[in-house]
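Residue strings, one per chain:
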Amino acid sequence: HPTLHYYQGYHDVAITFLLVVGEELGFQIMERLSVSHLKEFMAPTMEQTVRLLQYMYPLFRRKSPRLYTHLIKSELGTIFALPWLITWFGHVLPDYGDVVRLYDFFLAQPPMMPVYLAASIVLHREEEILNTECEMSSVHGLLSQIPQDLPFEHLLVESQLLYELFPPHLVKMEAEKGEEVERNLTFTATL
């Protein structure tokens, strides 16, 4: 597949499948995922991946305007969730059982589901976030550490409900506006 490019984190996904199903089937799964669920991450740049991460903010706004406002004011952006998305959480979760459970879930879902799980995790940690100083490094520091005791079965149900209530096509325009705002913030910060 000459149009696909390796990205840092691809090996985290691949090793999980190799360990669970072996080399032959693992290779077949990765080949299929590379042209479906992981395709956006395998572009020449991370631009498409960053665009996908923007889908979280419309979900925050719709589910918790208070949390949304706090995250916007803190100028958090989306980079905290990048390793979550591109590794299907395989790089950030210490419990192998949780990783395998999430992969099983993601295989049976549309490609955007990891974004919805990321949003569900942030929403689940709402009070913790709101009690954190409304400043980028403080909120980023909090969210870059995923607690080991997250109720993943509950969060998977929440992710599915979020997806059903606010499917990607309904939040796309708002997500694209957020991407433009984040690009402008980055540009302004570099001046």
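Residues numbered from 1 in each chain as written. Predicted model: local features only at pLDDT ≥ 70, side-chain atom pairs only at ≥ 80, totals over all residues. Heavy atoms only, no water.

Student: What exactly am I supposed to notice about a nonpolar patch on the surface here?
Tutor: On the surface, I15, L18, L19, V20, V21, L25 and Y96 cluster together into a nonpolar patch covering about 600 Å² of accessible area. A per-element tally of the nonpolar patch places helix α1 (residues 10-21) first, with five residues. Structurally, L18 can be placed in helix α1. Take L18: its relative accessible area is 37%, and that puts it in the partly exposed class. (Patch = residues over 30% accessible without salt bridge, like charges linked within 9 Å, V, L, I, M, F, W, Y side chains within 5 Å. Areas by Shrake-Rupley, 256 points an atom, 1.4 Å probe, with all protein chains shown as cover. Salt bridge = Lys/Arg side-chain N within 4 Å of Asp/Glu carboxyl O. Helix = DSSP H or I, 4+ residues; strand = E, 2+ residues; numbered from the N terminus. Buried < 20%, exposed > 50% of the residue type's maximum accessible area, 1.4 Å probe, protein only.)

Student: Whenever I open this one, the nonpolar core confuses me. Can you help?
Tutor: One recurring pattern in soluble globular proteins: nonpolar side chains tend to sit buried together. Core analysis: the biggest nonpolar cluster contains 61 residues, and L38, M56, L71, W84, F89 and V122 have the highest contact counts within it. Considering each element in turn, this core owes the most residues, nine residues, to helix α8 (residues 113-124). In contact with L38, not counting residues within four places along its chain, are Y7, Y10, V13, M30, L33 and W88. (Core = buried A, V, L, I, M, F, W, Y, C linked by side-chain atoms within 4.5 Å. Contact = heavy atoms within 4.5 Å.)

Student: Can you walk me through the environment of E133 in this structure?
Tutor: With respect to the element layout, E133 can be found in the loop between α9 (126-130) and α10 (136-143). The contacts of E133, once residues within four sequence positions are left out, are H70, S138 and V139.

Student: Hey, could you run me through α1 in this one?
Tutor: Residues three or four positions apart in an α-helix share a direction because the helix packs 3.6 residues into each turn. In a regular helix each residue adds 1.5 Å, so 12 residues correspond to 16 Å; α1 covers 17 Å between its end C-alpha atoms and thus fits that length. Residues of α1 that are buried: Y10, D12, V13, A14, T16 and F17. In this structure, the buried side of α1 is in contact with α2 (23-34), α6 (82-86) and α7 (96-107). (Expected span 1.5 Å × (residues − 1).)

In short, the description is geometric, and any link to function would need to be established separately.
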